[in-house]
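Here is how the chains run, residue by residue.
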Amino acid sequence: MVLHKFGDKLYNGVAGALRSHLAGVAARIEAAQGLPFLKELKSCWDDHNKSTQMIRDILMYMDRTYVTQQHKAPVFQLGLDLWREQVVRQPQIHQRLLAILGDMVSRERAGEIVDRALLRATTQMLMDLGKPTYEEDFERHFLATAADFYAKEAQEVIASSNAPEYMLKAERRLAEEVERVKNYLDESTEPKITRVAEHELITVQMKALVEMEGSGLVPLLMDDKYEDLGRMYSLFRRVDDGLALLRSVMGSHIKEEGRALVNDPEKTKDSVEYVSVLLAMRDKYEASISRAFADDKSFRNTLNQSFEAFINQQQRSPEFISLFIDDRLRKGLKGASEGEVEATLDKVMALFRYLQEKDVFEKYYKQHLAKRLLSGRTVSDDAERNML
């Protein structure tokens, strides 16, 4: 027929026959209820695929000549386009397809076992029809319903859980969505569903989580809850401004704690106790940064800026640090080795770097050094040289 210039008649006849056949197929699929609907859809799709491949092979010459010359869709592509038009986008079928797929995903999120193979076959059918079909006829709806689901769940969980419990749930949900993509969705969906879940579970709730009474960031820092702090860090680093919020709250807390110390008359009576508390405080937050915050330099910068902000509010800080060094170099640490004394002095020098009035410290240090040298009372000549 193509050789005798009847290409139009043959091509249009094939298209018409396919349309007529698919009208009956669509009616049969529509008649199926519940899960059998997806099974009937898969069965009909498999049959249609095989049939279209056979028609393509029979009409290969038409594909090579008439179709190319007339810029028509190849026979196999024609079969895909008509399936999309006559079946997938038939209003009743499309509506039920989305409803059933959505229901299966919802039941799996609730912990039920679903037929993943059937889900995979269905989403693969949509991908075979072209990625735009998968995105427009399934993925867009899937992402929208996921956003609604996680928005509602996040509100419910945060109202009934403490921060560590909420974060465990969020972490588990994020992992589940990645696994869901691997099981029966196209891989291109993974970053999209991850962003949706992260936004609803973390971005929207992160301020409430950080400030949660009794279990937010500050209580976790105070109680050295490294595992929970680490989970908070790993979740918040996923979203914009997440780590900035953690740094801001941590910095504000350290400044508040530090101001309470430097302005407490009782704590500033004894220079050795004052500096000892400062060192213990710094060690505490250093441990949180190294053990929970992946040794993040930005958090260490926040720690340093916070210490610098409050330590200079106590005018006698330079003198107290010098007196502490003098005490350690004259008396040492009870039961401590020379190396341990030097390690402590190294930590004290970190406090020295926070001082804005280093010349004041230098004045006191020279006075105390002179007294030690004149009296001959020092635990380590090496430590003296290292300090200089």
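Our subject is the structure listed above.
In what follows, the accompanying structure is described. (Residues numbered from 1 in each chain as written. Predicted model: local features only at pLDDT ≥ 70, side-chain atom pairs only at ≥ 80, totals over all residues. Heavy atoms only, no water.)

This part covers the nonpolar core. Core analysis: the biggest nonpolar cluster contains 62 residues, and Leu217, Phe236, Phe293, Phe307, Ile321, Ile325 and Leu351 have the highest contact counts within it. Top element by residues in this core is helix α14 (residues 271-292). It accounts for nine residues. One finds Tyr11, Leu18, Ile100 and Ala146 within the second-largest nonpolar core, a separate group that totals 49 residues. (Core = buried A, V, L, I, M, F, W, Y, C linked by side-chain atoms within 4.5 Å. Buried < 20%, exposed > 50% of the residue type's maximum accessible area, 1.4 Å probe, protein only. Helix = DSSP H or I, 4+ residues; strand = E, 2+ residues; numbered from the N terminus.)

The subject of this paragraph is unusual backbone geometry. The backbone phi angle of Asp241 is positive, close to 70 degrees, even though this residue is not glycine. Locating Asp241 in the fold gives a position in the loop between α12 (226-236) and α13 (242-262). Among the residues examined, Asp241 registers a relative accessible area of 57% and is labelled exposed. Of note in the backbone geometry, Ala294 takes a positive phi value of approximately 55 degrees without being a glycine. With respect to the helices and strands, Ala294 occurs in the loop between α14 and α15 (297-311). For Ala294, a relative accessible area of 53% gives the class exposed.

Turning to the pattern of salt bridges, a few remarks are in order. Enumeration over the complete set of coordinates arrives at 27 salt bridges. The salt bridge involving Lys269 is made with Glu266; its shortest N-O contact spans 3.1 Å. For the pair Lys269 and Glu266, a shared accessibility class is recorded, and that class is exposed. The residue Glu286 makes a salt bridge to Arg282 at a minimum N-O spacing of 3.3 Å. In this pair, Glu286 and Arg282 are both assigned in helix α14, four residues apart and thus about one turn of the helix distant. Arg282 gets classed as buried once you look at its relative accessible area, which sits at 14%. A single network of salt bridges, built from pairs that share partners, joins Glu108, Arg109, Arg116, Glu177 and Arg180. (Salt bridge = Lys/Arg side-chain N within 4 Å of Asp/Glu carboxyl O.)

Between two packed helices, both the angle of their axes relative to each other and the distance between the axes serve to describe the pair. Across the interface, helix α6 (residues 116-128) lies against helix α7 (residues 131-160) with an axial gap of 5 Å and an inter-helix angle of 125 degrees. With respect to each other, α6 and α7 are oriented oblique. Between α6 and α7, the contacting residues are Thr123, Leu126 and Met127 on the first element and Lys131, Thr133, Tyr134 and Phe138 on the second. (Axes fitted to C-alpha atoms, helices over the stretch in contact; angles between N-to-C directions. Parallel < 35°, antiparallel > 145°, perpendicular 65-115°, else oblique. Contact = heavy atoms within 4.5 Å.)

Direction vectors running N to C along α12 and α14 enclose 60 degrees, while the axes themselves pass 9 Å from each other. On the basis of the axis angle, α12 is oblique to α14. Considering how the two elements wind past one another, α12 and α14 form a crossing that is right-handed. On the side of α12, the interface is formed by Tyr226, Leu229, Gly230 and Tyr233, while α14 contributes Ala287, Ser288, Arg291 and Ala292. A per-class count over the contact of α12 with α14 returns five nonpolar, two polar and one charged. (Left-handed = near helix turned anticlockwise from the far one by under 90°. Nonpolar A, V, L, I, M, F, W, Y, C, P; charged D, E, K, R; others polar.)

Further remarks concern helix α9 (residues 190-203). Between its first and last C-alpha, α9 extends 18 Å over 14 residues, near the 20 Å set by a 1.5 Å rise per residue. The secondary structure elements touched by the buried residues of α9 are α5 (91-109), α7, α8 (163-184), α10 (206-210) and α12. (Expected span 1.5 Å × (residues − 1).)

Here the focus is the packing of aromatic side chains. Under the criterion given, the structure shown has ten aromatic pairs. Ring geometry for Tyr274 versus Phe320: centroids 5.1 Å apart, planes at 65 degrees, classification edge-to-face. Here Phe320 lies in helix α16 (residues 317-331) and Tyr274 lies in helix α14, a separation of 46 residues in the sequence. The exposure class of Tyr274 is buried, given its relative accessible area of 0%. On the accessibility criterion, Phe320 (3% relative accessible area) is buried. Taken together, the ring pairs connect Tyr134, Phe138 and Phe142 into an aromatic cluster. Its guanidinium or amino end placed over the ring of Phe352, Lys358 lies 5.7 Å from that ring's centre, counting from NZ or CZ. The ring of Tyr364 has Lys363 sitting right over it, with the charged end atom 4.8 Å from the ring centre. (Phe/Tyr/Trp six-rings, centres within 6.5 Å; stacked < 30°, edge-to-face > 60°. Lys NZ or Arg CZ within 6 Å of the ring centre and 35° of its normal.)

In short, geometric facts, not functional conclusions.
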